[in-house]
Amino acid sequence: MYNEIDLDKIDIAAEPPTEEPARQYYFMAKCREWVRRFEQENGRLPKACVTTFGCQMNARDSEKLRGVLREIGYREGTEEKADFVIYNTCTVRENANTRVYGRLGQLKPAKKKNSHMMIGLCGCMMQEPEVVEKLKKSYRFVDIIFGTHNIYKFAELLFTRLESERMVIDIWKDTDKIVEDLPNERKYPFKSGVNIMFGCNNFCSYCIVPYVRGRERSREPKAIIREIERLCADGVSEIMLLGQNVNSYGKTLEQPVTFAGLLEEIEKIDGVRRIRFMTSHPKDLSDELIEVMGRSKKICKHLHLPVQSGSTDILKKMNRRYTKEQYLELVRKIRAAVPDISLTTDIIVGFPGETEEDFLETLDIVRQVRYDSAFTFIYSKRTGTPAAVMENQVPDEVIKERFDRLLTEVQKIAAEACAVHEGSVQEALAEEISGHDSTMLTGRLSNNLLVHFPGERKLLGRYVDVKLTECKGFYYIGEMMGR
Ligand code: 5AD
Ligand code: SF4
C-alpha cells in the first residue's frame, strides 16, 4: 500500500482522516508542504539524522522513522549537520540512559547555533515517567517526545510541533493497536528486519522491557507474509524476524498460529533465501520449532538462546521458568536436530543474591554448551522491576571480578568454536565494503559469523562461496572460490 500512495494527491485542506494509516499519510503531506517552504526560504532541503540506541527492534523502528522523513522530503544528514536529530532510545540497562543524557547535553550548543534545529526523543526510555519529568524540567530544548506505542504517529506529532513551536509530548502506557503499511527506509537493500510481534509478557524479574514495550501482540501472519513478499520484490533475500519472545508468536491471535507454522509459510516464499529470528525464550521453544529448523533449507544455522544464568536458584529468582537441566536438555535436542548450529546467548552477572556457587554454575553451563559467542552483562538495577528491591545486591567489586572471569571463558571457547570451521568453504552474503580496506568485503555466514575477503563492490548483496582461510577468534579472513 505505501508504495502506491502519492502524497501530492492528498487533500491537505480537508479535515484529517480518522482511519490509520490514511491519517498519517495526510500528516506526511502536511509536513511536506512545510518542507517545501523551508526549501524556498533556505535554498536547500532540511536534513535529519536518526540515531539508534539498543536492540534490533529499535533499529527497525528507526527505519520506520527514516521512511516517514524521506516521504516528507528530509534528506539524511550527519548529526552535526542535521536540522532534525532524533534519538531512538533504549533503557534496558542504566548506562543506556546515561549515554542519552550525555549526548543530549552535547546537542544543546548545536541547537543554539542552528535556529532551525529540532530534537526528537523516542523509544523505550521515554516510557519511563521519571525520564519524561526530568526532560521537562532540565532539557526544555527538546522538541518532540514520544514512546514505543505511538511511533506510527510520528508524522502527526512532527506536524503538531511545526505548527505549535512548543514541546510536544505524547506517551501512551500501552496499546493493542498495530498499524500496518507505513513507509520505511531499509539500511540494506538486500536484507531486512520484519517485526512479527511487539511487547513481552514474561516479566523476567530484572527486565524493564515488559513495562516499556507493553503486552505481547502478534501481527497477523497475512500481514507478515505480504510485507516479506514485497521486500523480496524489492530485492531483499534475507529476513530477520523480530520479537522479544518469538517462540510465543501467534498465541494471542484470533486464529492462533505457532511460530514454527509461520516459519514454514515464510520458507515457501520464493525470493527468501535466508531466514533468521530473534529473540528466543528457552521456556517457549517447542519441539515443533526444532523439527522445522532441522528440515528447513532457509533457516540459518544460528540460534540466539539467552540463558541469563546457569544457576537454577538464580533462574527461579529471575522468573525465567526453566532449570539449568531443562536448558541443557533443550540444547541437546537442538544440536541433535541441527548438528552444525551455532548457539549464542546472553548472560547476566551479579543478579541479586548470586553467590560464588551460583556463578560457578554459570561458568559450568558455558563450558557445557560451548557457545559460539555470548553477550555478557553486568546486572543493572532497573527501578520498578521486582529485582531492584531484592535483598543481597552483589557488591560492584565482586561483580566485576566474576564478569572478567566469565568473559575470559566465553572468549576462549568462542575462539575454539570459530577455529573448527577454518579451511571450510561456506556461503556468505556480501554485506559491506570493509571499513579497514576498501578492496575487501565483509560477508555474513549462515552461522552469523563474519568473513572478510577480497572482492568487488558489485558483489554486495550477492551470495558467494568463501574459503575461510584464517580464523581470527570471532571472525575470519577468507577468499572467494570461483563461481
Ligand atoms: N541488567 C543487565 N542486563 C539486562 N538485560 C536485560 N535487563 C537487564 C538488566 N537489568 C540483558 C538480558 C537480555 C539482554 C537483551 O539484556 O541478558 O537478554
Ligand atoms: Fe525482558 Fe525476559 Fe521479556 Fe526478554 S523475555 S524482554 S529478558 S522480560
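Residues numbered from 1 in each chain as written. Chains lettered and ligands numbered in written order. Predicted model: local features only at pLDDT ≥ 70, side-chain atom pairs only at ≥ 80, totals over all residues. Heavy atoms only, no water.

A.B. asks: Teacher, can you tell me more about the nonpolar core here?
C.D. replies: Side chains that are nonpolar tend, in soluble globular proteins, to be buried together. Counting 68 residues, the largest nonpolar core has I228, L241 and F259 as its most contacted members. When near neighbours in sequence (up to four residues on either side) are disregarded, F259 contacts I196, L241, V246, N247, Y249, F277 and L289. Listed in part, the 33 residues of the second largest apolar core include Y25, L45, Y74 and V168. (Core = buried A, V, L, I, M, F, W, Y, C linked by side-chain atoms within 4.5 Å. Buried < 20%, exposed > 50% of the residue type's maximum accessible area, 1.4 Å probe, protein only. Contact = heavy atoms within 4.5 Å.)

A.B. asks: Help me understand the packing of helix α7 (residues 221–233) against helix α8 (residues 259–267) in this model?
C.D. replies: Pairs of packed helices are described in terms of their axes, by the angle between the two and the distance that separates them. Packing of α7 against α8 brings their axes to within 10 Å, and their N-to-C directions diverge by 30 degrees. Put simply, α7 runs roughly parallel to α8. Relative to α8, α7 is oriented so that their crossing is right-handed. Touching P221, I224, I225 and I228 of α7 are L262, E265 and I266, all from α8. When its residues are assigned to classes, the contact of α7 with α8 shows six nonpolar, no polar and one charged. (Axes fitted to C-alpha atoms, helices over the stretch in contact; angles between N-to-C directions. Helix = DSSP H or I, 4+ residues; strand = E, 2+ residues; numbered from the N terminus. Parallel < 35°, antiparallel > 145°, perpendicular 65-115°, else oblique. Left-handed = near helix turned anticlockwise from the far one by under 90°. Nonpolar A, V, L, I, M, F, W, Y, C, P; charged D, E, K, R; others polar.)

A.B. asks: Teacher, can you tell me more about the site of ligand 1 here?
C.D. replies: Around ligand 1, the neighbouring residues are V92, R93, Y206, Q308, D346, I348, F377, I378, Y379, S380 and R382. A distance of 2.7 Å is found between an oxygen atom of ligand 1 and a side-chain nitrogen or oxygen belonging to Q308. Residue D346 places a side-chain N or O atom 2.6 Å away from an oxygen atom belonging to ligand 1. Considered on its own, ligand 1 offers 400 Å² of accessible surface; in the complex 86% of this is hidden by protein. (Near = heavy atom within 4 Å. Polar contact = N/O pair within 3.5 Å; in protein donor to acceptor, adjacent residues only side chain to side chain. Areas by Shrake-Rupley, 256 points an atom, 1.4 Å probe, with all protein chains shown as cover.)

A.B. asks: Any chance you could explain the pairing of strand β1 (residues 47–52) here in plain terms?
C.D. replies: Along any regular strand the residues' side chains alternate between the sheet's two faces. Of the strand pairs in this sheet, β1 and strand β2 (residues 75–76) are connected by two bridges, and their pairing is parallel. Among the inter-strand pairings, A48 is bridged to a residue of β2, identified as E76. Each parallel crossover has a hand, and for β1 linked through helix α2 (residues 56–72) to β2 it is right-handed. Where β1 meets strand β3 (residues 84–89), five bridges bridge the pair, whose relative direction is parallel. Paired with A48 across the strands is F84, a residue of β3. (Pairing = 2+ DSSP bridges. Right-handed = clockwise from strand over helix to strand, strands pointing away.)

A.B. asks: What is the right way to look at the sheet that holds strand β7 (residues 191–195) in this model?
C.D. replies: Sheet strands pair via backbone hydrogen bonds, and the direction of the pair is either parallel or antiparallel. Taken together, the three strands give an open sheet; going across it, the order is β7-β10-β11, and neighbouring strands pair in parallel fashion. Since the sheet does not close on itself, it has two edges, and those belong to β7 and β11 (274–278), each with one partner. Averaged over all pairs of adjacent strands, the angle between their axes in this sheet comes to 20 degrees, without regard to strand direction. When β7 meets strand β10 (residues 238–242), the two strands line up parallel, connected through five bridges. Within β10, the residue paired with K191 across the bridge is E238. Packing against the sheet, α7 makes contact with β7 and β10, and its axis sits at approximately 170 degrees to β7. This element, α8, spans β10 and β11 of the sheet and lies at about 155 degrees to β11.

A.B. asks: I would appreciate a short explanation of the packing of helix α1 (residues 22–42) against helix α5 (residues 154–164) in the present structure.
C.D. replies: Closest axis-to-axis distance for the α1/α5 pair is 8 Å, and the angle between their directions is 40 degrees. When the axes of α1 and α5 are compared, the pair comes out oblique. Viewed along their axes, α1 and α5 form a crossing whose handedness is left-handed. Residues R23, Q24, F27, M28, K30, C31 and W34 of α1 pack against F154, A155, E156, L158, F159 and L162 of α5.

A.B. asks: Where do I start with helix α4 (residues 129–138) in this structure?
C.D. replies: Three- or four-residue spacings in an α-helix give side chains the same orientation, since the helix completes a turn every 3.6 residues. Regarding α4, the residues found buried are V131, V132 and L135. Angularly, the buried residues of α4 cover 95 degrees about the axis, an arc narrow enough to put them on a single face. Relative to its buried face, α4 has exposed residues pointing more than 90 degrees away, namely P129 and K137. Buried residues along α4 sit in contact with α3 (94–113), β4 (118–123), β5 (144–146) and β6 (168–170). (Arc of directions from axis to C-beta.)

A.B. asks: Just checking my understanding: could you explain the pattern of salt bridges for this structure?
C.D. replies: Side chains that carry opposite charge are capable of pairing whenever their charged atoms lie near each other. Applying the stated criterion to the full structure yields 47 salt bridges. With a closest N to O distance of 3.2 Å, R230 and D181 form a salt bridge. On the criterion of sequence distance, the pair formed by R230 in helix α7 and D181 in the loop between β6 and β7 is long-range, its members being 49 residues apart. What emerges from the salt-bridge pattern is a single network uniting R60, E63, E180, R219 and E227. (Salt bridge = Lys/Arg side-chain N within 4 Å of Asp/Glu carboxyl O.)

A.B. asks: Help me out: how do you make sense of the site of ligand 2 in this one?
C.D. replies: Neighbouring ligand 2 are C200, N202, F203, C204, Y206, C207, V209, P210, Q244, H281 and R320. Its residues placed into classes, the shell around ligand 2 shows seven nonpolar, three polar and one charged.

A.B. asks: Sorry if this is basic, but what is going on with empty space enclosed by the protein here?
C.D. replies: Applying the stated rule across the entire model yields one cavity of 30 Å³ or more. Here the largest cavity is characterised by a volume of approximately 550 Å³. As for the largest cavity, its lining consists of 33 residues, and the residues nearest its centre are K64, V179, L182, N195 and F198. Ranked by the residues each element gives to the lining of the largest cavity, the list is headed by α2, at five residues. Per-class residue counts for the lining of the largest cavity are 15 nonpolar, six polar and 12 charged. (1 Å grid on protein atoms, 1.4 Å probe; cavity = no way out; pocket = protein on both sides within 12 Å on 5 of 7 lines; lining within 4 Å. Points joined across faces, edges and corners; volume = space filled by probe spheres on them.)

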